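# Examination of the molecular architecture
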Amino acid sequence: DLETMIIEIPERQEGGGLGYPAIQTILSGMELLGILISGKESWDAYEIFWSNYLEKFFPEYMGLKDIFRKNIRHGTAHFYLVRSGISLSKSESNHLQTIIAKDGNEYLNIDLKVMLQHFLFCYDKIRNDALQKSDRYWPGFSKLFDEINKDKEIIFQFIKIISSKAQAPSGFPKAVVAGAR
């Protein structure tokens, strides 16, 4: 939950405070909303959301699409870290500004509280539009449904194997019955 990660869990002086998972969740949410509004996937979906919503309502993001995608999203998705030159904060100040950190280096600061407000504003716009014009969003909903269900047969096959009396495959746990001790 974004509000829990960003609002309820405070920023710590020594670093941390769920900044990386929070920014990754926001950027994944942008891609999801891009799928819903366009029916496209991956980079195309993200780009459509960024250009048609985030930059449109918050022009301060102009020119930052690739930095967010390549340096922040790819960094947190593949290495758990943002790439060099990026700072994350929860101070509601210095958003998209250059800051000088304790190490003396300059960083582009992303304030998660401000970013969350901007993301939720765009989310509300899309949600309200989808509620009024649901037919327009059907291709995106269909695409998202397909993506969510893409590999369900593999999962169901595994569940069937571990739920049976047969031995679970090597390296996999045996089925656990909910409520059993």
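Everything below is about the structure printed above this text.
What this report covers is the structure whose coordinates are included nearby. (Residues numbered from 1 in each chain as written. Predicted model: local features only at pLDDT ≥ 70, side-chain atom pairs only at ≥ 80, totals over all residues. Heavy atoms only, no water.)

## Regarding the packing of aromatic side chains
Inspection of every chain in the model, using the stated rule, returns ten aromatic pairs. Taking 5.6 Å as the distance between ring centres and 35 degrees as the angle between the ring planes, the aromatic pair formed by Trp43 and Tyr46 counts as tilted. Separated by three residues within a single helix, Trp43 and Tyr46 lie in helix H3 (residues 42-57), roughly one turn from each other. Judged by its relative accessible area of 0%, Tyr46 is buried. Between Trp50 and Tyr61 the ring centres are 5.6 Å apart and the planes differ by 90 degrees, which places this aromatic pair in the edge-to-face class. In this pair, Trp50 sits in helix H3 while Tyr61 sits in the loop between H3 and helix H4 (65-79), placing the two residues eleven residues apart along the sequence. Grouping residues by exposure puts Trp50 and Tyr61 together as buried. A cation over a ring is seen here: Arg69 above Tyr46, with NZ or CZ 5.1 Å from the ring centre. (Phe/Tyr/Trp six-rings, centres within 6.5 Å; stacked < 30°, edge-to-face > 60°. Helix = DSSP H or I, 4+ residues; strand = E, 2+ residues; numbered from the N terminus. Buried < 20%, exposed > 50% of the residue type's maximum accessible area, 1.4 Å probe, protein only. Lys NZ or Arg CZ within 6 Å of the ring centre and 35° of its normal.)

## Structural notes on the environment of Tyr20
Residue position: Tyr20 is located in helix H2 (residues 19-38). Taking relative accessible area as the criterion, Tyr20 reaches 26% and is therefore assigned partly exposed. Distance from Tyr20 to Leu112, taken between C-alpha atoms, is 9.8 Å for residues 92 residues apart in sequence. Other than its neighbours up to four places away in sequence, Tyr20 contacts Thr76, Tyr80, Leu81, Val82 and Leu88. (Contact = heavy atoms within 4.5 Å.)

## A few points about the pairing of strand S3 (residues 106-111)
S3 sits mainly inside the fold: five of its six residues count as buried. The pairing of strand S1 (residues 86-89) with S3 spans four bridges and is classified as parallel. Opposite Ile86, over in S3, you have Leu108 as the bridge partner. With four bridges connecting them, strand S2 (residues 97-100) and S3 associate as antiparallel partners. The residue of S3 that forms the bridge with Ile99 is Tyr107. (Pairing = 2+ DSSP bridges.)

## A short note on H3
Relative to the 22 Å expected for 16 residues at 1.5 Å per residue, H3 spans 22 Å between its end C-alpha atoms, a close match to the ideal helical length. The largest bend along H3 measures about 35 degrees and falls at Trp50. Ala45, Tyr46, Phe49, Trp50, Tyr53, Leu54 and Glu55 are the residues of H3 that are buried. (Expected span 1.5 Å × (residues − 1). Bend = angle between axes of the 7 residues up to and from the residue.)

## Observations regarding the nonpolar core
The nonpolar side chains of a soluble globular protein tend to be buried, and buried together. One finds Ile23, Met30, Phe49, Leu54, Phe68, Ile110 and Met115 to be the most contacted residues of the largest nonpolar core, which totals 38 residues. Considering each element in turn, this core owes the most residues, nine residues, to H2. Non-local contacts of Leu54, meaning those with residues more than four positions away in its chain, are made with Met30, Phe49, Pro59, Tyr61, Met115, His118 and Cys122. (Core = buried A, V, L, I, M, F, W, Y, C linked by side-chain atoms within 4.5 Å.)

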